[in-house]
Amino acid sequence: MTTYILKRLGIGILTLVFASMIVFAVLEIVPGDPARLMLGMNATEDAIAALREQMGLNQPLAVRYIAWLGGFVVGDLGRSYTYSVPVLDLVADRVAVSLPLAVIALVLSTLVAVPVGIFSAARRGRFADTVAMGTAQLGVAVPNFWFALILVYIFAVWLRLVPAGGFPGWAGGAWPALKALILPAIALALPQAAILARVTRSALIEVMGEDFIRTARAKGLPAGRVLWTHALRNALIPVLTILGLQFAFLLAGTIIIENVFYLPGLGRLVFQAITQRDLIVVESVVMLLVASVIVVNLLVDLSYAAVDPRLRTR
Amino acid sequence: MNGPIDEAESLRALFVKALANRSFLTGLIITSIIAAMALVSYVWVPYDVTYLPVTNRMATPSAEHLLGTDHFGRDIFSMIMVGARNSIAVAFIAVAMGISVGVPLGCWAAARRGWVDEALMRFNDVVFAFPALLSAVMITAIFGPGAVNAIIAIGIFNIPVFARVARAGALSIWPREYILAARTAGKSATQITVEHILPNIANLLLVQGTIQFALGILAEAGLSYVGLGTQPPMPSWGRMLFDAQTRMIVAPHLAIFPGLAIVVTVLGLNLLGDGLRDMLDPKLRRQR
Amino acid sequence: MSGASLLALENLSLSIGDMEILRQVDFAIRQGEVMGLVGESGSGKSMTALAIMKLLPHAARASGRILFDGSNLLDASERQMCAVRGDDISMVFQEPMTALNPVKTIGEQVAEGIRWHTGANRADAEDRARAMLDRVGLPESKFPLARYPHELSGGQRQRVVIAIACALKPRLLIADEPTTALDVVLQKQVLDLLRDLVDESRMGLLLISHDLAVVTDMADHVTVMRNGQVMEQGETARTLKEQRHPYTRQLAEASTHVPARAAPPEQAAANATPLLSVENVVRDYPARRTSLLYRPAPFRAVDDVSFSMQPRHSVALVGRSGCGKSTLARMILALDSPTHGAIRLKGQHLEGLNQAALRPFRRDMQVVFQDPYGSFNPRHKVERLVAEPLHLLDEQPTRARRREQVAAALADVGLPADSMDRYAHEFSGGQRQRISIARAMITRPKLIVADEPVSALDVSIRAQILDLFAELNARFDLAYLFITHDLTVARAITDEVMVMHDGRIVERGKTGDVLDNPQTDAARELVDAAPDLDRAIRRRLARI
C-alpha cells in the first residue's frame, strides 16, 4: 500500500514539474521577449528595459524558472503589471468565487448522476431507463454556456428568482453569494451529470455481467441486493476515473460560465489579463489551474487503493 | 463454455445491422444533414453573411428569413450553415491530429512496453492536465486569438486520448495467440502492428473518433464564445451565442437557434458513436 | 427407481428466442446420490443447471417441471427462489478466477450467504464461515477471513467457492465443470473434497462434466446429453460397461482413442546431430517489488533444463500448471530468450540471434496453440492466415503459387481448397484446429511445438485431431513437442515423456514406461491424478 501511494505521489510531483516546464516554456520562452510582447508595438526601449528588469528577464532561463517555481512554493507569484498588486492577492480574491462554484457543481452533478445511473442500471431496458438515458444523451450534447443563457432567461429575466449575473461577495453573508452561484453551478453540473450518469450505468451493467455476480445470486441474494453489495463497489473504479477526468472539464467550464454570469472569478481574471497582455497573471492562473487538475487526479488515483484491494497489496 | 466471437463480418451483414440500429441510423441522418449543410454553404447560402443590411436588424423568424436576422441584419440560417463548416473543420482537423499522433504513440508503447510505455503514460498525464481551454488561453496570450488556436488546443488534448485508447486496445490484442503465430512466422513488431493490431482496434478508434468529434464541436463553440476561437466576421456558433447574450431580452431567437445547432450536431455524433459501439463491440454484443 | 427423488426434471424444455436449447429433459436425483451429467459443448448441460437454479438469461423460456422436494421450481416466485438458492440448492462454477468478488474478503463472501439465510449476526456467521473454510482445506493460519481473492491461487479460490456453496449444507449441490480450469492434480483434490462433503451431509450432487472419466469416477448414475436431449441414462458402471447407446459408445471410444501410428523411429546413433537440443537452459523473471527498499530475488521459471530431440520423434512435456513448460516452449520457439544456457536447432545456436538471422530456423519450427478461437486474426481470410509463415521464405511466392501452396496445406489437414476464401469464424472448433495445423505445416517444418493442442476440443473432435497429428508425423517426418497436462494425450501420440516440476525436468523416459511406472513423486502425482476411463470403469465395477 505505501509503495503504491509513494509511487503515485512521485508520479504526481513529476507531472507537476513537467507541466510547469510547459507553462513556463510557452509563456516565457516562445514569445522571445515577454516584456516587449506585454508592452506592445509602441513601447519605448526604456520602458521595455525597465519591465525586463522588474520581471527579472535578464537572468538566465534556468534561474528564472527555479525562481518562478520557488515563488509558487512560498506564495510569491510576482506582481501584476496592469494592476500593480501582488498576483497572489488578485488570485486569492478570484479563487473565492471559482473554487466554490466548481465544488458546488461537482457535488451537485455527482449527487444527481450516480443515483440516476444506479436506478437506470437496475431498470435496464425499461421505460424509466429509456427516459433517463435519453435525457442524459441530450444533456451531454448541450453546451453548458448555452444552457446557462437559457437558465438566465427563464429564472432571472422571466421569473426574476435570482440575479442574472454579478457577485455580491462573501462579505455580505453566505446566502446572497450562494444565490448568485446557484444558476452557474446548475449550468455547469448538467453536462457533467449526464456523462457521469451514463458511465455509472454502463459500468454497473458491465459488472452485473461478471461471473462473481452469478456466484452472489447463487447464494440466494436478490438481484437488487447484489447490485448494492457486490456490483456498486466494483463499478466505482471507472466512475472515479471519469470524475477525475471531468474535473479538468469542470474547470474549463467554470472559466466560460463566469463570463455568462459576469462572476469575478479566475476566468474573468485570465481573460482580462489576456486583453491587457499581462503575462504574469496568465502564467500564474494557468499554472494554478493545471496544478489543481493534477492534484485532483492524484487524489483519484489514491482513492483507487481504498476501493480496490488488488492495488493495496502492490 | 466460450462460444465463437464473430468479430469479422461481411459488409452486407454489417449493412443489415446498421439499418436495424436506431441510434446509428438517427445519428447518421443528423450528421449527414449537418455535413451537407456545411458543404452546400461553400456554393450557396440564402443570404450573403458579409452583407449587413442594418435596416432589417434582429428580425424574428419569417418566410423571408427562416430563423430571423441578427443585430447586423445578417440571415441567421445562412450564418448557421457557414458556422457548421467552421465547427466541423476545426473538430475534424483536431481529431485527425489526435489520431495521427496518438495512435502511433499508443501502438508503439504497447509493442515496446517497458520504459517507452512508462514514458508515454507520463506524457499522457502531463497533457491531460491541459484542457483545451487552458492551452487556448496560453496560445492566445502569445499569438492573439484565431481559429487555428482552437484547432491546436483541441488537437493537443486529443493526442493522449487516442494514445490511451490505442494502447489499451493494442495491449489486449498482443497476448492473443495469433500474434504469437505471427511472431513465429518472423513478422516484426511493426508488421504485426500494421497487419494484426490496427485492423482489430480500428473499431475502438472509430467510436472514440466520433466522441472526440462531438467534444471538439462543443469545445470550439466554447472557445469562440469566450473569444479564443474563430474571430468575426467569420460566423461561428459560439460567437453567435456571445453576440446574442446581451440582446437576449429583446431577441431570444438569436440565442436559441445557434444553440440548437450545436445540440443537434453533438447529439447526432454521439448517437452515431453509440450505434457504432453497439454494432462493432463484440463484448457489448455478448451481453445482450 | 426407489425412494422419493430430491430433484426430478420432467419434460424440461427450454428455448432462447427461436433456439431450442433443451428438449424434454428427464432425470432424477435422490438424497445423497451423485448424478453425472455428461455431454459435449452445446449439449445443454450448463443450461440445465442454470434452469434448476432459475438463473437463466432473461430471454429464456422454460416449460415442463423441475420438482425439488415435490414442488415445482418453475412455478416458484423470485422471492421463493432466493430462499432456495444457497440454502437448499447451491452451485459451484467452472471459472474460479472470476467467480469471486475481487473487492470483498473471502470471509465476507462465505459469511454473506449464512447471514442472509439464517439471520445470524456477523460474529456467528464469521465463526461458521471460519469452520467451513477450515473444512475445505483453507486453515486459519494461512487463510484468515480477511484474505482477498487475488491473494489466492485458482485451486484455493475454487475451495472458497465450494465453501460458499456448502456453508449451509444444501440438500443439492450443482457443480458445473468445477475442475475444468484446474490442472489434474488440483482436479483430483477438488473432486475428493466434493465427494467427502457430499458423503458427510448426504447431499445430492449434480456433477456436470465433459470428461467421461471424471464422471465415471464420481457418479452413481450418469445422464448423457447431446444437442439438448438426453441420449441415455442409468447406473454408471452398467451404462459405461455395456455402452448400449451408440453415442455413449462413441464418447467412450473417443475418450480413450489412441491413433494408429507408425513404429517410432529407431534411436539415432549417439553421434548424430539432434534436431533440437536444449542445454542447461535457465529463465528468470524479475519478481514484483513489494517494497521500495528491497529488490526481491527473481523468480526462476525454468531451472537448468537440458534435453534433446531426434527428427520424427514425438515428445510430451507434461507438468502441472505453472511448472514452467510454456515458458520453455516459448524459448524453444525463440519468442523469449533464456537467461542462461543454449538452445540449438540442427546444431545451430538460436539464442542471441536477431529476427533476420532467425528466419531460416523459424521455417523449420512452427507452433499450434490450444485455443482454436483465439489463434486467428478475425479480420483475415483463411488464405492469408495459412500463408502467413510463407513470409519466412527468402523468395516470396506469386499470388497464384501462394494459393496453390495454401490449397496443398489445407488438403494435408483434410480441408477443401475453397476454405481459403472464408473467415476463420465460419469454421467449427475442430476445423479451426485443422487450419491452425495447416498454417504450421505450410513451410514444411521439421519441428512442431503444440501447446495443449486438443484441450479445448470435445472428445470426438479431439480423437480426429490426434489422428491427424499421427498421420502428419509419419508423412512428413515431423517431430512434435506436445506441451500438455493431459496424460491421455501424451499416451496417445508420443514416444517419450518428460515430466516437468518447479522449472526442472524431473523424469524422462519412454511414454509407456513413465506413465505405467513413474519413478519420481512429481510424475507419480500426475499419473495418479489423471482421469482414466478404463481404470474408472474397472474401479466402479469392483465396488458393486
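A quick note: this is a predicted structure, and the numbers were derived from the prediction, not measured.

Caption draft 1: Local environment of the interface of chain B and chain A. On the chain A side, the residues contacting the 33 residues of chain B number 41 residues. Take the side of chain B that touches chain A: its biggest share by element is 8 residues, from helix α5 (residues 132–143) of chain B.

Caption draft 2: The arrangement of unusual backbone geometry in detail. The backbone of C:Lys169 sits at a positive phi, close to 45°, despite the residue not being glycine. In this structure, C:Glu452 takes a positive phi of about 45° despite not being glycine.

Caption draft 3: Focus on the packing of helix α5 (residues 87–122) of chain A against helix α12 (residues 279–307) of chain A. Residues and elements named next belong to chain A. With their axes 11 Å apart at the nearest point, α5 and α12 run at an angle of 50° to one another. Taken as axis vectors, α5 and α12 run oblique relative to one another. Crossing handedness for the pair α5 and α12: right-handed. Mapping the contact onto sequence places Val87, Leu90 and Val91 in α5 and Ile280, Val281, Ser284, Val285 and Leu288 in α12. For the contact of α5 with α12, the class distribution of residues is 7 nonpolar, 1 polar and no charged.

Caption draft 4: Layout of the domain arrangement of chain A. Residues and elements named next belong to chain A. Taken domain by domain, chain A consists of domain 1 (2–73) and domain 2 (88–309). Counting from both sides, the interface comprises 15 residues of domain 1 and, opposite them, 14 residues of domain 2. The element that contributes the greatest number of residues to the side of domain 1 that touches domain 2 is helix α1 (residues 2–29), accounting for 10 residues. Grouping the amino acids of the side of domain 1 that touches domain 2 by side-chain chemistry returns 10 nonpolar, 4 polar and 1 charged.

Caption draft 5: Geometry of the sheet that holds strand β14 (residues 340–345) of chain C. Residues and elements named next belong to chain C. A sheet is described by the order of its strands in space; here 4 strands give the open sequence β12-β11-β14-β15, paired in antiparallel fashion. Lying at the two open borders of the sheet, with one neighbouring strand each, are β12 (299–309) and β15 (348–349). Where strand β11 (residues 276–285) and β14 come together, 5 bridges link them in antiparallel fashion. Note that in β14 the partner of Leu276 across the bridge is Leu345. Helix-sheet contacts for helix α10 (residues 325–332) involve β11, β12 and β14, and the interaxial angle to β11 is about 120°.

Caption draft 6: A look at helix α18 (residues 521–529) of chain C. All names here are of chain C. Along α18, the positions that sit buried rather than exposed are Ala522, Ala523 and Leu526. The buried residues of α18 occupy one face: seen down the axis, they fall within an arc of 100°. Counted as exposed and oriented over 90 degrees from the buried face of α18: Asp521 and Asp528. In this fold, the buried residues of α18 make contact with α6 (184–201), β13 (314–318), α16 (487–493), β19 (496–501), β20 (504–510) and α17 (511–516).

Caption draft 7: Summary view of the interface of chain C and chain A. With 29 residues of chain C at the interface, the matching set in chain A holds 22 residues. Breaking the side of chain C that touches chain A down by element, the ones donating at least two residues are α2 (78–84), β6 (89–92), α3 (106–118) and α5 (154–166) of chain C. Per-element accounting of the side of chain C that touches chain A gives the leading share, 4 residues, to α3(C). Considering only residue class, the side of chain C that touches chain A consists of 15 nonpolar, 9 polar and 5 charged.

Caption draft 8: Structural context of the domain arrangement of chain C. All names here are of chain C. Each assigned domain of chain C is listed here: domain 1 (1–60 + 172–256), domain 2 (89–169) and domain 3 (276–286 + 295–530). Domain 1 and domain 3 are separated by 33 Å when their C-alpha centres are compared. On the side of domain 3, 12 residues touch domain 1, which itself brings 12 residues to the contact. Among the elements of the structure, α6 and α9 (246–255) are those that each provide at least two residues to the side of domain 1 that touches domain 3.

Caption draft 9: Broad picture of the pairing of strand β18 (residues 479–484) of chain C. Residue and element names in this part refer to chain C. Counting buried positions over the 6 residues of β18 gives 6, a clear majority of the element. By the bridge criterion, 5 bridges tie β13 to β18 in an arrangement that is parallel. Among the inter-strand pairings, Ser314 is bridged to a residue of β18, identified as Tyr480. Examined bridge by bridge, strand β17 (residues 447–451) and β18 share 5 bridges and lie parallel to one another. Opposite Ala450, over in β18, you have Phe482 as the bridge partner. Traced from β17 through helix α15 (residues 459–475) to β18, the parallel crossover comes out right-handed.

Caption draft 10: Region of interest: the packing of helix α3 (residues 76–112) of chain B against helix α8 (residues 189–225) of chain B. All names here are of chain B. Running from N to C, α3 and α8 cross one another at 145°; their axes reach a closest spacing of 8 Å. Of the two elements, α3 crosses α8, and the hand of that crossing is right-handed. Across from Ser87, Val90, Ala91, Phe92, Ala94, Val95, Gly98, Ile99, Val103, Cys107 and Ala111 in α3, the residues of α8 making contact are Ala189, Thr193, Ile197, Leu205, Gly209, Gln212, Phe213, Gly216, Ile217, Glu220 and Ala221. Tallied by class, residues from the contact of α3 with α8 come to 15 nonpolar, 6 polar and 1 charged.

Caption draft 11: A look at the sheet that holds β6(C). All names here are of chain C. Strand order in this open sheet of 6 strands is β6-β7-β8-β3-β9-β10, and the pairing throughout is mixed. Each having just a single partner strand, β6 and β10 (229–235) make up the two edges of the open sheet. Mean inter-strand twist for the sheet, computed between neighbouring axes without regard to direction, equals 15°. Helix α1 (residues 45–53) contacts β3 (34–39), β6, β7 (172–176), β8 (204–209) and β9 (221–226) of the sheet and is inclined by roughly 145° relative to β7. Running at roughly 175° to β6, α5 makes contact with β6 and β7 of the sheet.

Definitions and limits used
- Residues numbered from 1 in each chain as written.
- Chains lettered and ligands numbered in written order.
- Predicted model: local features only at pLDDT ≥ 70, side-chain atom pairs only at ≥ 80, totals over all residues.
- Contact = placed C-beta atoms within 7 Å.
- Helix = DSSP H or I, 4+ residues; strand = E, 2+ residues; numbered from the N terminus.
- Axes fitted to C-alpha atoms, helices over the stretch in contact; angles between N-to-C directions.
- Parallel < 35°, antiparallel > 145°, perpendicular 65-115°, else oblique.
- Left-handed = near helix turned anticlockwise from the far one by under 90°.
- Nonpolar A, V, L, I, M, F, W, Y, C, P; charged D, E, K, R; others polar.
- Domains from an automatic or database assignment.
- Pairing = 2+ DSSP bridges.
- Buried ≥ 20, exposed ≤ 12 C-beta atoms within 10 Å, placed from the backbone.
- Arc of directions from axis to C-beta.
- Right-handed = clockwise from strand over helix to strand, strands pointing away.

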